[in-house]
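Coordinate inspection notes
The primary structure of each chain is shown beneath.
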Amino acid sequence: MTTTARPYVGSALDRVEGLEKVTGRAGYAFEHSPDELLYAVPVQAVVARGEIRVVGVDAAVVLPGVIAAIWYGNAPRLAPAENAELDVLQSRRVAYRGQYVAVVVAETPEGAGEAARLLRVEYDAEPHDVELRADHPDMYRPDRVNPNYPPDTERGDPDAALAEARIVVDETYTTPAEHNNPMEPHATVALWDGDGLTLYDSTQGASAVRDTVAPLFGLPPGNVRVISPHVGGGFGSKGAPLSPVVLAALAAKHVGRPVKLAVTRQQMFAVTGYRTPTIQRVRLGADIDGRLTAIVHDAFEQSSRIREFAEQTTTPTRMMYAAPHRRTTHRLVRLDVPTPAWMRAPGEAPGMFALESAMDELALACGIDPIELRIRNEPVTDPESGLPFSSRGLVACLREGARRFGWAGRDPAPGIRRRDGLLLGTGVAASTYPVYRRPSRATARCEPDGTFTVRIAAADIGTGARTVLTQIAADTLRTSPDRVRVEIGDSALPTASLAGGSMGTASWGTAVVRACEALADELDRRGGDPPADGLEADADTTEEIDAQPLFARHAFGAQFAEVAVDPGSGETRVLRLLGVFAAGRIVNPKTARSQFIGGMTMGLSTALLEESVMDREFGDYLNHDFAQYHIATCADVRDVEAAWIEEDDPHLNPMGSKGIGEIGIVGTAAAIANAVHHATGIRVRDLPIRLDRLLRQSRNSAPSWPRR
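In what follows, the accompanying structure is described. These figures come from a predicted structure and were not determined experimentally.

So, on to the packing of aromatic side chains. Under the counting rule described, the total for this entry stands at ten aromatic pairs. Taking the centre distance of 5.7 Å and the plane angle of 75 degrees together, the rings of Trp407 and Phe560 count as edge-to-face. With a gap of 153 residues between them, Trp407 in the loop between helix 11 (394-405) and strand 16 (418-419) and Phe560 in strand 22 (residues 554-565) connect regions that are remote in the sequence. Like Trp407, the residue Phe560 is buried in the burial classification. Taken together, a centroid distance of 6.3 Å and an interplanar angle of 85 degrees make the contact between Tyr433 and Tyr436 edge-to-face. As far as the burial class goes, Tyr433 and Tyr436 line up, both buried. Taken together, the aromatic side chains of Phe405, Trp407 and Phe560 make up a single cluster linked through ring pairs. Here the basic side chain of Lys260 rests over the ring of Phe30, its NZ or CZ set 4.3 Å away from the ring centre. The ring of Phe405 carries the charged tip of Arg576 above its face, separated from the ring centre by 3.9 Å.

The subject of this paragraph is unusual backbone geometry. A cis amide bond, omega -5 degrees, links Asn146 with the succeeding residue Pro147. Pro688 follows Leu687 through a cis peptide bond whose omega is -5 degrees. Looking at where Pro688 falls in the secondary structure, it is placed in the loop between helix 16 (668-680) and helix 17 (691-700). Phi at Asn181 is positive, roughly 55 degrees, even though this residue is not glycine. Along the chain, Asn181 turns up in the loop between strand 8 (167-175) and strand 9 (187-193).

This paragraph deals with the sheet that holds strand 15 (residues 325-335). Pairing in this open sheet of five strands is mixed, and the strands run 7-15-14-13-8 from one edge to the other. Pairing within the sheet leaves two strands with one partner each, and these edge strands are strand 7 (153-155) and strand 8. Going from strand to strand, the sheet's axes swing by 10 degrees on average, the running direction of each strand aside. The strands touched by helix 9 (residues 348-366) within the sheet are strand 8, strand 13 (278-286) and strand 14 (292-304), with strand 8 carrying the most contacts at an inclination of about 150 degrees.

Before going further, it helps to examine the environment of Gln266. Examined against the element boundaries, Gln266 turns out to sit in the loop between strand 12 (259-262) and helix 7 (268-271). The exposure class of Gln266 is partly exposed, given its relative accessible area of 41%. The spacing of Gln266 and Asp625 is 359 residues in sequence and 5.4 Å in space, taken between C-alpha atoms.

Attention shifts here to the packing of helix 15 (residues 589-608) against helix 16. One way to put it is that helix 15 packs onto helix 16 with a least axis distance of 7 Å and a crossing angle of 50 degrees. By the angle class used here, helix 15 and helix 16 are oblique. Between helix 15 and helix 16 the crossing geometry is right-handed. Here Met600, Gly603, Leu604, Thr606, Ala607 and Leu608 of helix 15 come into contact with helix 16, specifically with Thr668, Ala669 and Ile672.

On to the sheet that holds strand 5 (residues 100-106). Strands sit in the order 3-5-1-12-9-10-11 across an open sheet of seven strands; the sheet is mixed. Each of the sheet's edge strands pairs with one partner strand only, and the pair in question is strand 3 (66-71) and strand 11 (224-227). Taking the axes of each pair of neighbouring strands and ignoring which way they run, one obtains an average angle of 20 degrees across the sheet. In terms of strand pairing, strand 10 (residues 196-201) meets strand 11 through four bridges, oriented parallel. Each residue of the ladder has a partner; that of Thr198, found in strand 11, is Arg225. Helix 3 (residues 109-118) rests against strand 1 (38-44), strand 3 and strand 5 of the sheet, and its axis sits at about 25 degrees to strand 1. On the sheet, helix 5 (residues 206-216) packs against strand 10 and strand 11 and is oriented at approximately 145 degrees with respect to strand 11.

Each value, and the rule that gives it
- Residues numbered from 1 in each chain as written.
- Predicted model: local features only at pLDDT ≥ 70, side-chain atom pairs only at ≥ 80, totals over all residues.
- Heavy atoms only, no water.
- Phe/Tyr/Trp six-rings, centres within 6.5 Å; stacked < 30°, edge-to-face > 60°.
- Helix = DSSP H or I, 4+ residues; strand = E, 2+ residues; numbered from the N terminus.
- Buried < 20%, exposed > 50% of the residue type's maximum accessible area, 1.4 Å probe, protein only.
- Lys NZ or Arg CZ within 6 Å of the ring centre and 35° of its normal.
- Pairing = 2+ DSSP bridges.
- Axes fitted to C-alpha atoms, helices over the stretch in contact; angles between N-to-C directions.
- Contact = heavy atoms within 4.5 Å.
- Parallel < 35°, antiparallel > 145°, perpendicular 65-115°, else oblique.
- Left-handed = near helix turned anticlockwise from the far one by under 90°.

Right, dumping it as structure tokens:
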């Protein structure tokens, strides 16, 4: 067996599929075009609540090239789904504006689109409710919050502790609905062959799509194959099967030919999930030295009428800082809106904005540097579970970030620094994200020519998964990456967990290591020579993960921001962003830096720009395209730097790695908001930090707002 002394894990290996992508040879879901392909264009509801009274298809089906118009009256029947969003075209009920109510299939996309416009749907509309309010009479406590946390926790007597605290912060923070908007919109090509179904789908988990879609059509999972070798981003919106993939399969079954369905950018604002808006009340009690005596964090969120999804907004507060008295709660209201879903760092992103903004307010109230305040409240063990941390690098990140950023000597007084007529300020916030690992399977094969093939149904959504799995396999097999081929993105491969929760590398990497170890051991037993027909080994990590010892496992980070605010217009620019992270062993510095910076850029976008605006009269998001839903562009991201500390954590996985896909977004919005306050003296507690909010508060509550 070939050996090498060089470790490839930890090196900045170029993406192994990079050439395919830059030359256009990497095939994405929409690009698959089997013979006799048809095109599907959905019809969406134009009322927010009610029932379909009439579906008129005559004008649509007579158009040349139109094959079928499908609605609840003639659609193939599906088995009831646990997620009612997947009961596509099974009922005349309308649960939200934009829900699929019909689909037209035609020989061309233009023909299908024209027929969809001519299809007539009449409704019996009912009064709808689409507004999240903390005092909504239908607020209730869910049984669990995503993915399976208790909704509420309490230790000690937080109300009494707050009443006795020398210093109290009691503020409400809000975050808007946000939509994921990956570069590649959702798309599916569905092809039936007897009782077999093949789906070319843009997904974060081929195994999950197979296991969800198969029972809907009464099929065993082995009869469904999901192929997804390349995915152009997901940010959580492709983490679970949604109505578009079911509609494509249903339409293909109805017409008996392959069907291609692509979700438009506008349609994505209704049918592919979004981050719930939140209303959060944070109460902090402290002594005069800034040591917390009480933490209370209450979150109010929304879900749809047809499915409960409760985001885990306050869960990071449960383990972030030490305090003897503490409570976290989640309350949910079911509205006539689409179902929210995962969006990068669900829970942690909005929840840490509120907590870290409140910590900044507490630092000011105590007259303590905000970094020092966090260090004083560093817990020894997990404050609620009592578990030891496998590692906890927050303090190291804060100190290293302060050194790199030039924090020393910062004047905490707000609104006193100017340059070229602009107000300048700096801010800091902490980041965290839990370390997840899920069971997966993998095979490793030594080919007759001495090269290796590793197979696992993982997903590369642009993160570099193929590359890091190649590095992991090469090290375990004691060979070089150019002798290893990793096959992913196909449900026919060994089952794998989805690409989400920052758990891909930990979950898949464990399975790859164990399969490669088994293969290497067998090769060594044979003297290093594979048999003429090759040699294969497999691994299933279920037992290993079930038996892992109990620790509080989390990645940590510190975010620093410098902003400039125009006192005349309220325009805010982020001049510098720095993130320093403690994320275990970094498998590939090049792809890791890309993930950290991508998350931080998304956090900047959250802080200043992203906001889905609900039209209460019509029950629809008004700004459902990139002309009106603003995201950060290159001009908005001037100077962003990501760094990490060395962290050796033996309690994680064979690689010693923690997830890095989501922690970059966590804390960034709070760091920017804290910097804006430092620059202006204005505390904006409602995201995004729009110029009108700054100017309105400057008139109403900050008479000392500096003018030009």
